[in-house]
Amino acid sequence: MTDDRRRELGSTDAPVEDELAESFDATIEEGAERLQRTTRAVLITGFFGGLEVGLGVMAYLAVLTETDSHLLAGLAFGIGFIALHLAHSELFTENFLMPVAAVVAREGTVLQLVKLWGGTLVANLAGGWVFMWLVVQAFPQWHATLTESAAHYIDAPFGLQSVVLAVLGGSTITLMTRMQQGTDSDPAKLVAAVAGGFLLAGLQLFHSILDSLLVFGAIQSGADITYGQWLGWFGYTLLFNVLGGLVLVTALRLLRTKELMQDRRQDSQQDPERADAEQTDAEQTDAERD
């Protein structure tokens, strides 16, 4: 089917399906909004994200302790992603699609992306550490479960299996974000959150933030695990989470909508002086707020 024929059949002038065109616009707009956040907003949103995903970890530990089933515990873990969605907080790995798409569309800068990624990552870990301290104090009967769960990640040898588990972890949560962005239905978004939680926690995929909370809890409960061991695991897991989210999901989605991306970039180039002025004003406003 030619682009002209597709335009005739659809309700928009885009050379792709209407659903893709609408989702593309929503993705760019949401990504640009995240990139324009002040440093204070990034840190606060990320800190709350660490706290709220901790609800999922708490539910996961409760079910795992009672049933010894990772699959059932994975279903319970979806509570954390539901909290993230409804409270409008976010995890570091949720920022692989929308902000990157906005940068490619030239509606944000690489520097803004680095600030968003760095601030969200640090704040997620801080919020998660605080929440897990509370969990450890409140539920001492979970200490053995915490230690066993953390050891699954910390003791895993660095090799092909660990790399692939981290790649799948990054791609899974990025795809979950893509599914939520592709619908206006809140029930559908919640289903995507539960499905993402089940895959990540139930299959014990490697995720730099979520699994770090389990490790933090184990350390706080007195397990024979050190922050140095966590850092060694965290480093390569973070790297392959990023690669999984960017290569398996983000890059392919951008390729699928390359015509829309080209049109959007051309529109932004039609008046470069105005665009530069607007970008300068935005950066000055951002600096004043910080």
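Look above for the structure.
These notes cover the structure that comes with them. The model shown is predicted, which means the values in this text are computed figures rather than measured ones.

Focus: the environment of Gly-46
Working step 1: Here Gly-46 is to be found in helix 3 (residues 39–67).
Working step 2: For Gly-46 and Leu-91, which are 45 residues apart along the polypeptide, the C-alpha to C-alpha distance reads 6.5 Å.
Working step 3: Once residues lying within four places of it in the same chain are set aside, the contact partners of Gly-46 are Glu-90, Thr-120, Ala-123 and Asn-124.

Some points on the packing of helix 3 against helix 4 (residues 70–87)
Working step 1: At a closest axis distance of 7 Å, the pairing of helix 3 and helix 4 adopts a crossing angle of 160°. The angle between helix 3 and helix 4 places the two elements in the roughly antiparallel class. Pair helix 3 / helix 4 crosses with right-handed handedness. Contacts between helix 3 and helix 4 involve Gly-49, Glu-52, Val-53, Leu-55, Gly-56, Val-57, Ala-59, Tyr-60, Val-63, Leu-64 and Thr-67 from the first element and His-70, Leu-72, Ala-73, Gly-74, Ala-76, Phe-77, Ile-79, Gly-80, Phe-81, Ala-83, Leu-84 and Ala-87 from the second.

Here's the deal with empty space enclosed by the protein
Working step 1: Within this structure, the stated rule accounts for two cavities of 30 Å³ or more.
Working step 2: Roughly 140 Å³ of volume is contained in the largest cavity.
Working step 3: Lining the largest cavity we find twelve residues, and of these Phe-24, Thr-27, Arg-178, Arg-253 and Thr-257 sit closest to its centre.
Working step 4: Counting residues per element, the ones that place at least two in the lining of the largest cavity are helix 2 (18–35) and helix 11 (227–256).
Working step 5: Element by element, the count of residues in the lining of the largest cavity is highest for helix 2, at five residues.
Working step 6: Each residue belonging to the lining of the largest cavity can be placed in one class, and the counts come to six nonpolar, three polar and three charged.
Working step 7: Volume-wise, the second largest cavity comes out at about 100 Å³.
Working step 8: Along its surface, the second largest cavity is lined by Val-57, Tyr-60, Phe-77, Tyr-153, Leu-200, Ala-201, Leu-205, His-207, Leu-210, Asp-211 and Leu-214.
Working step 9: Secondary structure elements with two or more residues in the lining of the second largest cavity: helix 3, helix 9 (186–202) and helix 10 (210–220).
Working step 10: In terms of residue count, the dominant contributor to the lining of the second largest cavity is helix 10 (three residues).

Some points on the layout of surface pockets
Working step 1: The space that makes up the second largest pocket amounts to roughly 350 Å³.
Working step 2: Those elements that place two or more of their residues in the lining of the second largest pocket are helix 2, helix 4, helix 8 (160–181) and helix 9.
Working step 3: Split by residue class, the lining of the second largest pocket holds three nonpolar, six polar and seven charged.

Examining the packing of aromatic side chains
Working step 1: Under the definition given, this model contains twelve aromatic pairs.
Working step 2: Considering the side-chain rings of Phe-139 and Trp-142, the 4.0 Å spacing of their centres and the 10° angle between planes classify their relative orientation as stacked.
Working step 3: For Trp-142, a relative accessible area of 7% puts it in the buried group.
Working step 4: Ring centres of Phe-216 and Tyr-227 lie 6.2 Å apart, and the angle between their planes is 45°; this geometry places the pair in the tilted category. With Phe-216 in helix 10 and Tyr-227 in helix 11, the pair connects residues that are eleven residues apart, well separated along the chain.
Working step 5: Among the aromatic residues, ring-to-ring pairing joins Phe-216, Tyr-227, Trp-230 and Phe-234 into one connected group.

About the cut-offs
Residues numbered from 1 in each chain as written. Predicted model: local features only at pLDDT ≥ 70, side-chain atom pairs only at ≥ 80, totals over all residues. Heavy atoms only, no water. Helix = DSSP H or I, 4+ residues; strand = E, 2+ residues; numbered from the N terminus. Contact = heavy atoms within 4.5 Å. Axes fitted to C-alpha atoms, helices over the stretch in contact; angles between N-to-C directions. Parallel < 35°, antiparallel > 145°, perpendicular 65-115°, else oblique. Left-handed = near helix turned anticlockwise from the far one by under 90°. 1 Å grid on protein atoms, 1.4 Å probe; cavity = no way out; pocket = protein on both sides within 12 Å on 5 of 7 lines; lining within 4 Å. Points joined across faces, edges and corners; volume = space filled by probe spheres on them. Nonpolar A, V, L, I, M, F, W, Y, C, P; charged D, E, K, R; others polar. Phe/Tyr/Trp six-rings, centres within 6.5 Å; stacked < 30°, edge-to-face > 60°. Buried < 20%, exposed > 50% of the residue type's maximum accessible area, 1.4 Å probe, protein only.

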